[in-house]
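Report on the structure
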Amino acid sequence: MSRIAIIGTGYVGLTTGAYLSHLGHEVVCADVMPDKVAMLNRGEIPIYEAGLDELVRAGLDGGRLSFVLGAANAVEGAEFVFLCVQTPQGEDGSADLTYIQDAAAEIAPVLEAESVVINKSTVPVGSTRVVERALGRSDVFVVSNPEFLREGSAVHDCLHPDRIVIGSDDSAAAARVAGLFDQLQAPLIVTDPASAETIKYASNAFLATKISFVNAIANVCEAVGADVREVVLGMGYDKRIGFEFLKPGPGWGGSCFPKDSRALVRIAEDAGYDFGLLKGVITVNTEQYERVATKIEQAAGGSLGGVTVAVWGLTFKARTNDLRDSPALEVIGRLRQRGANAIKAYDPTVTGDIDGVEVCADAYAACEGATVLAVLTEWDDFRWLDFDKVKGLMAVPNVVDARNLLDPAALRRRGFFYVGVGR
Ligand code: UGA
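Residues numbered from 1 in each chain as written. Predicted model: local features only at pLDDT ≥ 70, side-chain atom pairs only at ≥ 80, totals over all residues. Heavy atoms only, no water.

Here we come to the packing of aromatic side chains. A ring pair, where both rings are aromatic, is described by two values, the distance of the centres and the angle of the planes. Under the counting rule described, the total for this entry stands at nine aromatic pairs. Consider the rings of Tyr237 and Phe243, whose centres lie 4.9 Å apart with planes at 90°: the pair is edge-to-face. On the basis of relative accessibility, which here comes to 63%, the residue Tyr237 falls in the exposed class. Owing to a relative accessible area of 37%, Phe243 belongs among the partly exposed residues under this scheme. Taken together, a centroid distance of 5.3 Å and an interplanar angle of 35° make the contact between Trp312 and Phe382 tilted. Residue Trp312 is found in strand β9 (residues 308–312), and its partner Phe382 is found in the loop between β12 (372–375) and α15 (387–393); the two are separated by 70 residues along the sequence. (Phe/Tyr/Trp six-rings, centres within 6.5 Å; stacked < 30°, edge-to-face > 60°. Buried < 20%, exposed > 50% of the residue type's maximum accessible area, 1.4 Å probe, protein only. Helix = DSSP H or I, 4+ residues; strand = E, 2+ residues; numbered from the N terminus.)

Laid out in structure tokens, this is it:
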């Protein structure tokens with residue numbers, strides 16, 4: 001078992017630290033926020049992620065997991081150091097590497113000789129070299145090991161990965177990193193750093209492409225009178241296509257797809273290639289936010305002036321409390337621009353204020369006096385509510401179901417006017 005340091009306790013860092021300690025390694029995680037470090041040492045988790053609190057508490061109780069303030073304090077005695085700091089989007093769409101460079105500079109003087117620094121943050125192609133330069137330590141190896149976990153199923157994805165990718169020019173360092181994951185049953189791809197970094201961007205961009213493609217097909221279905229769910233069913237049985245990531249919706253969002261797709265366009269541009277296909281994928285996504293706003297406007301009779309809209313779901317997808325780049329917020333912003341009087345919203349994981357939105361205590365309260373109910377996040381609980389009660393609370397029983405979550409026939413029987421996506 002190895003001694004591991006994790007720098008950054010965001011989604012990727014915290015989950016990585018927790019599951020590596022679960023695999024038996026001795027893990028010390030570092031963050032720059034004293035309150036967060038104290039909270040984590042008490043076993044309290046700042047994010048909503050199934051199974052993560054159990055893993056963290058088991059690690060703390062077993063003495064295999066701890067949290068410290070400051071990167072330098074975590075790396076002492078560590079054979080492996082995972083860099084899991086954020087890489088926010090810079091002004092021009094490229095990824096901002098400041099955090100990763102700062103972390104590298106901080107740990108450089110205290111790294112053990114022969115230790116391996118592993119880049120897990122999503123970083124532009126060439127960043128392994130950037131970290132090598134920032135470290136300035138010829139006795140330390142730098143390896144790329146991109147992460148593919150999804151929010152909402154992060155623990156499961158880490159323990160049952162589809163593949164493990166390691167990018168390194170040094171086969172012995174790559175083998176040492178691979179050894180950390182010995183217990184996981186997954187194909188191992190050992191490649192050069194640039195290819196490993198590209199695999200991460202290409203994977204996210206391809207998944208975003210699938211969703212934009214199915215959203216575009218949904219638009220075609222609406223125009224020709226087809227049902228996108230039937231179309232996807234017929235497509236998905238083709239093993240070359242599959243069913244995954246072909247659910248139409250209000251567009252893709254979250255902390256990864258929007259940032260990473262724009263970054264890849266920029267990486268390609270800097271390298272002299274115009275990635276027109278991916279630009280189109282992004283355009284289709286922005287248009288999808290608009291289309292959903294238009295559906296809501298049309299359901300309200302063609303104008304949102306003076307109208308109250310009820311919204312179910314604010315997070316960027318279900319099973320997370322993450323609002324970053326949420327399609328729901330994109331749609332809400334457009335409703336407000338188009339003159340909606342009030343937005344009353346409910347989300348099982350969201351409390352507190354959101355600019356221009358009245359966040360309600362339950363799904364029914366959000367519907368009071370509303371002319372349209374918009375379902376923007378696919379929380380399963382919404383399917384099992386009392387729709388007679390919902391109808392009684394609304395001013396007009398209009399539903400725009402941007403996730404195709406509800407049963408149109410059941411709603412229409414109850415007297416609702418129902419609009420979905422691509423059906
Ligand atoms: C995504 C990738 O799926 C992960 O593999 C990757 O590790 C992660 O980004 C990352 O780079 O860190 P995540 O952002 O958690 O994971 O969310 P996804 O489940 O991929 O969903 C992204 C967006 O696409 C959401 O807004 C979701 O509602 C939407 N989506 C997804 C659809 O509209 N339709 C689908 O069929 C699937």
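Turning our eyes to something else, we now look at the pattern of salt bridges. Counted under the stated rule, the structure contains 26 salt bridges. We note a salt bridge from Asp139 to Arg137, for which the minimum N-O separation is 2.8 Å. Within the structure, one salt-bridge network assembled from shared partners comprises Glu290, Glu297, Glu330, Arg334 and Arg338. (Salt bridge = Lys/Arg side-chain N within 4 Å of Asp/Glu carboxyl O.)

For the rest of this paragraph, the subject is empty space enclosed by the protein. The method is simple in principle: a probe with the dimensions of a water molecule rolls over the atoms, and the space it marks as empty is what remains. Going through the model one piece at a time under the given rule, you end up with one cavity of 30 Å³ or more. The calculated volume of the largest cavity comes to roughly 40 Å³. Every residue lining the largest cavity is listed: Asn119, Ser121, Thr122, Val123, Ser144, Asn145, Pro146, Glu197 and Lys200. Residue composition of the lining of the largest cavity, by class: two nonpolar, five polar and two charged. (1 Å grid on protein atoms, 1.4 Å probe; cavity = no way out; pocket = protein on both sides within 12 Å on 5 of 7 lines; lining within 4 Å. Points joined across faces, edges and corners; volume = space filled by probe spheres on them. Nonpolar A, V, L, I, M, F, W, Y, C, P; charged D, E, K, R; others polar.)

With that settled, the discussion passes to the side chain of Ser115. Looking at where Ser115 falls in the secondary structure, it is placed in the loop between α5 (98–107) and β5 (116–119). In this structure Ser115 comes out as buried when scored by relative accessible area, which is 1%. Apart from residues lying up to four places away in sequence, Ser115 is in contact with Ala78, Glu79, Asp139, Val140, Phe141 and Arg176. (Contact = heavy atoms within 4.5 Å.)

Those residues of helix α13 (residues 327–337) that fall on the buried side of the exposure criterion are Pro327, Ala328, Val331, Ile332, Arg334 and Leu335. Down the axis of α13, the sector holding all buried residues measures 160°, keeping them to one side. Turning to α13, the residues buried within the fold contact α12 (276–299), β9 and β10 (342–346). Immediately downstream of α13, the backbone of Gly339 shows phi near 100°, a positive value. (Arc of directions from axis to C-beta.)

This brings us to unusual backbone geometry. Positive phi values are uncommon outside glycine, yet Glu114 reaches one of about 70°. Summarising the element assignment, Glu114 is placed in the loop between α5 and β5. Overall, Glu114 belongs to the partly exposed group, its relative accessible area being 46%. Even without a glycine there, the phi angle at Asn404 is positive, about 45°. Tracing the chain through its elements places Asn404 in the loop between β13 (398–401) and α16 (408–413).

Regular strands have side chains that alternate between both faces of the sheet. Within β9, five of the five residues are buried, leaving the element largely enclosed by the surrounding structure. Examined bridge by bridge, β9 and β10 share five bridges and lie parallel to one another. Across the sheet, residue Trp312 finds its bridge partner in β10, namely Tyr346. Judged from the four bridges that link them, β9 and β12 form a sheet pairing that is parallel. Residue pairing in the sheet places Val309 in a bridge with Val372 of β12. (Pairing = 2+ DSSP bridges.)

Turning to the domain arrangement of the chain, a few remarks are in order. Domain annotation of the chain identifies domain 1 (3–191) and domain 2 (192–423). Distance between the C-alpha centres of domain 1 and domain 2: 32 Å. The partner domain 2 presents 29 residues to the 33 residues of domain 1 that form the contact. When domain 1 packs against domain 2, the two sides together hide about 2,400 Å² of surface, and 55% of this comes from carbon and sulfur. Considering only the side of domain 1, the residues that lose the most area to domain 2 are Tyr48, Val125 and Glu151, jointly responsible for 27% of the buried surface there. Taken together, the links from domain 1 to domain 2 amount to two salt bridges. For Glu151, the salt bridge is made with Arg324, and the minimal N-O distance between the two is 3.5 Å. The interface formed by domain 1 and domain 2 holds 11 residue pairs in polar contact (both at pLDDT 80 or more) in total. (Domains from an automatic or database assignment. Buried area = accessible area lost by both parts, 1.4 Å probe. Polar contact = N/O pair within 3.5 Å; in protein donor to acceptor, adjacent residues only side chain to side chain.)

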